[in-house]
Amino acid sequence: RITVQDFDENFLFEFASSQGNQPGDKIFKNPSDLEFDSEDKLYVTDEILNAVLVYDSEGNYHRQWGDSGIEEGQLSGPSGIAIDSKDDLFIVDQYNHRIQKFTKEGRFLYGWGKYGDQEGEFNLPWGICADQNDDIYVADWRNDRIQKFSNEGKFLDSFVIGNGLFIRPSDVVVNSIGTIYVSDWGNERVVVLNSSGEFILS
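What counts as what
Residues numbered from 1 in each chain as written. Predicted model: local features only at pLDDT ≥ 70, side-chain atom pairs only at ≥ 80, totals over all residues. Heavy atoms only, no water. Helix = DSSP H or I, 4+ residues; strand = E, 2+ residues; numbered from the N terminus. Buried < 20%, exposed > 50% of the residue type's maximum accessible area, 1.4 Å probe, protein only. Polar contact = N/O pair within 3.5 Å; in protein donor to acceptor, adjacent residues only side chain to side chain. Contact = heavy atoms within 4.5 Å. Phe/Tyr/Trp six-rings, centres within 6.5 Å; stacked < 30°, edge-to-face > 60°. Salt bridge = Lys/Arg side-chain N within 4 Å of Asp/Glu carboxyl O.

Caption draft 1: Inspection of the side chain of asparagine 151 at higher detail. For asparagine 151, the location among the structural elements is in the loop between β13 (145-149) and β14 (155-159). With relative accessibility at 11%, the residue asparagine 151 sits in the buried group. A polar atom in the side chain of asparagine 151 sits 3.2 Å from the side chain of aspartate 84. Those residues in contact with asparagine 151 that lie beyond four places of it in its chain are Asp84, Phe90, Lys101, Tyr110, Trp112, Asp134, Asp135 and Ile136.

Structural data, given as structure tokens:
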């Protein structure tokens, strides 16, 4: 389920769904990330359903899309989700070790990445975000790094701290001035980097 609270953490309402396991049953199996588009539609990735579920901000179900597999446009363990300024969706296709871009209706646009540890390759990627320029940052979980890409998937940069001091980074966000915040899961801390990827504090 998803719980909705106000700024003072007072409970407002929650939503999940009726029991079932068929498309349209609206049940969460293992929701992992969520993001709003410019129209306040809420998109939720579910690792078990291999689907993206769409709700309005009041928790009313609209639709879902996604298909399990390894082909282009198919998903295996979708985790992180990011939405750019054009309302296109970037999905971390975790077990396929890649990023895939879709329209908000679920039409596949393109993707990039494969298993490995070289530039543009991934090993169980997890979190993702888009910055003010629509560049894409990915928490490359098992490779212990953050990778930065253009909106079209061109590799731009890779950020680590010292000699491999990220341990399983799970998520990343970038604020309006380009400061990078990393959830350094294995070290149980948040790491702050400047826009060039240089360490500021943790």
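There's more to say after this.
Caption draft 2: Structural context of the packing of aromatic side chains. Counted according to the given criterion, the structure contains 10 aromatic pairs. Between the aromatic rings of phenylalanine 28 and tyrosine 55, the centroid separation amounts to 5.6 Å while the plane-to-plane angle is 50°, which identifies the pairing as tilted. Here phenylalanine 28, found in the loop between β2 (11-15) and β3 (31-36), pairs with tyrosine 55, found in strand β5 (residues 51-55); they are 27 residues apart in sequence, far enough to count as distant. With relative accessibility at 10%, the residue phenylalanine 28 sits in the buried group. Take tyrosine 55: its relative accessible area is 1%, and that puts it in the buried class. Arranged with centres 5.7 Å apart and planes meeting at 55°, the rings of tryptophan 141 and tryptophan 185 form a pair that is tilted. Placement of the pair is tryptophan 141 in the loop between β12 (136-140) and β13 and tryptophan 185 in the loop between β16 (180-184) and β17 (189-193), with a sequence separation of 44 residues. Here a set of aromatic residues connected by ring pairs shows up, and it is made of Phe90, Tyr110, Trp112, Phe122, Phe149 and Phe155.

Caption draft 3: Representation of the pattern of salt bridges in the model. Applying the stated rule across the entire model yields 10 salt bridges. Between aspartate 140 and arginine 145 there is a salt bridge; the shortest N-O distance is 2.8 Å. In this structure, arginine 168 and aspartate 144 form a salt bridge, with 3.0 Å as the shortest nitrogen-oxygen distance. On the criterion of sequence distance, the pair formed by arginine 168 in the loop between β14 and β15 (169-174) and aspartate 144 in the loop between β12 and β13 is long-range, its members being 24 residues apart. Exposure remark for arginine 168: the relative accessible area of 25% places this residue in the partly exposed category.

All we've got here are geometric facts, nothing functional implied.
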